[in-house]
Amino acid sequence: GFEVKRRGELKLIKVFQAEVFDKFLAGGTLVECYDAVASVANRWLDLLDTQGTDLTDEELIEHISEATTMSKGLEEYEGRKSCPITCAKRLGQFLGDERIKDKGLNCKYVIAKRPENQPTSERAIPVSIFSAEPSVARAYLRKWCGDIGTSRGASEVPDVRDIVDWD
């Protein structure tokens, strides 16, 4: 037996692992076992290849977002760079600085593909922006990402699929 690390992984990885490990016991031959494993792997690969078009926005965000609880207040991280710190700062811009001061802030985010010249730590987008009013969501996503090139109209919240870094 072995233990699978569960902290800091995308839910997509956790669910995939749970499903695929079960399939290693399937079938009466090695070929049947591999076929069962491959069917699970192909289904999850299809989800990535199609950018989750068969899922609702909420289901997709649940699978591809990462969540971190900050052990200190944001000001104690001064000068450091990380995805949760960027997310917390952006939550402060979006929700107000008062809501992010204390330790224990839960930062749930996705990684944007833009701006392309920025490190991953600077491309963290709080998922709560996708629940905001469309005009608010668009304004902040433009501020954080630049061109958001969304497939949805101006009266809708931009599609998370158009924002996320799929590569």
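What you see is a predicted model; the values in this text were computed from it and never measured.

Turning our eyes to something else, we now look at the overall build of the protein. Check the secondary structure of the protein and you find 6 helices and 3 strands. Reading the helices (α) and strands (β) of the protein from amino to carboxyl end gives α-α-α-β-α-β-β-α-α. For the protein, the spread of C-alpha atoms along the principal axes amounts to about 60 × 40 × 25 Å. Buried residues in the protein amount to 35% of all 167 residues.

Packed helices, taken two at a time, are described by the angle their axes make and the gap between the axes. The interhelical angle for the contact between helix α1 (residues 11-23) and helix α2 (residues 30-49), taken along N-to-C directions, is 165 degrees, at an axis separation of 8 Å. Looking at the two axes, α1 sits roughly antiparallel to α2. The element α1 and its partner α2 pack so that their crossing is right-handed. Here α1 contributes L12, V15, F16, E19, V20 and K23 to the contact with α2, which in turn contributes C33, A36, V37, V40, A41, R43, W44, L47 and L48. Taken together, the residues that form the contact of α1 with α2 break down as 12 nonpolar, no polar and 3 charged.

Another aspect to go through is the confidence of the model for the protein. Summarising the model, the protein shows a mean pLDDT of 86, and 93% of its residues fall at 70 or more. Mean pLDDT per element in the protein: strand β1 (residues 66-69) is the minimum at 86, and strand β3 (residues 124-126) is the maximum at 95. Contacts for the low-pLDDT stretch residues 1-6, under 50 throughout, to residues beyond four places or in other chains number 5 contacts.

Let's shift gears to the sheet that holds strand β2 (residues 106-111). Reading across the sheet, the 3 strands line up as β1-β2-β3 and stay open at both edges, with antiparallel pairing between neighbours. Edge positions in the open sheet fall to β1 and β3, since each of these has one partner strand only. When strand polarity is set aside, the average angle formed by the axes of neighbouring strands in this sheet is 40 degrees. Bridging between β2 and β3 involves 3 bridges; their strand directions are antiparallel. Looking at β3, one finds that I111 is bridged to A124.

Our next topic: the side chain of R138. Relative to the assigned elements, R138 resides in helix α5 (residues 134-145). We note that R138 is buried and unpaired, the nearest opposite charge coming from E156 at a distance of 6.3 Å. Here the side chain of R138 touches E156 through a polar contact of 3.2 Å, landing on its backbone oxygen.

With that out of the way, let us pick up the environment of G104. Along the chain, the position of G104 falls in the loop between α4 (83-95) and β2. Taking the C-alpha atoms as reference, G104 lies 25 Å from L141; in sequence the two are 37 residues apart. Excluding its chain neighbours within four sequence positions, the residues that come into contact with G104 are T69 and M70.

Attention shifts here to the pattern of salt bridges. Where side chains of opposite charge bring their charged atoms close, a pairing between them can arise. Scanning the model with the defined rule gives 5 salt bridges in all. When the shortest N-O distance is used, the salt bridge between E19 and R43 registers 2.3 Å. With E19 in helix α1 and R43 in helix α2, this residue pair connects regions lying 24 residues apart in the sequence. Residue classification places E19 among the partly exposed positions, given a relative accessible area of 24%. The salt bridge involving D57 is made with R161; its shortest N-O contact spans 2.5 Å. Of this pair, D57 sits in helix α3 (residues 57-64) while R161 sits in helix α6 (residues 160-163), placing them 104 residues apart in sequence. Residue class for R161 comes out buried when judged on its relative accessible area of 8%.

How each quantity is defined
Residues numbered from 1 in each chain as written. Predicted model: local features only at pLDDT ≥ 70, side-chain atom pairs only at ≥ 80, totals over all residues. Heavy atoms only, no water. Helix = DSSP H or I, 4+ residues; strand = E, 2+ residues; numbered from the N terminus. Buried < 20%, exposed > 50% of the residue type's maximum accessible area, 1.4 Å probe, protein only. Axes fitted to C-alpha atoms, helices over the stretch in contact; angles between N-to-C directions. Parallel < 35°, antiparallel > 145°, perpendicular 65-115°, else oblique. Left-handed = near helix turned anticlockwise from the far one by under 90°. Contact = heavy atoms within 4.5 Å. Nonpolar A, V, L, I, M, F, W, Y, C, P; charged D, E, K, R; others polar. pLDDT = per-residue confidence, 0-100. Pairing = 2+ DSSP bridges. Lys, Arg positive; Asp, Glu negative; His and termini not counted. Salt bridge = Lys/Arg side-chain N within 4 Å of Asp/Glu carboxyl O. Polar contact = N/O pair within 3.5 Å; in protein donor to acceptor, adjacent residues only side chain to side chain.

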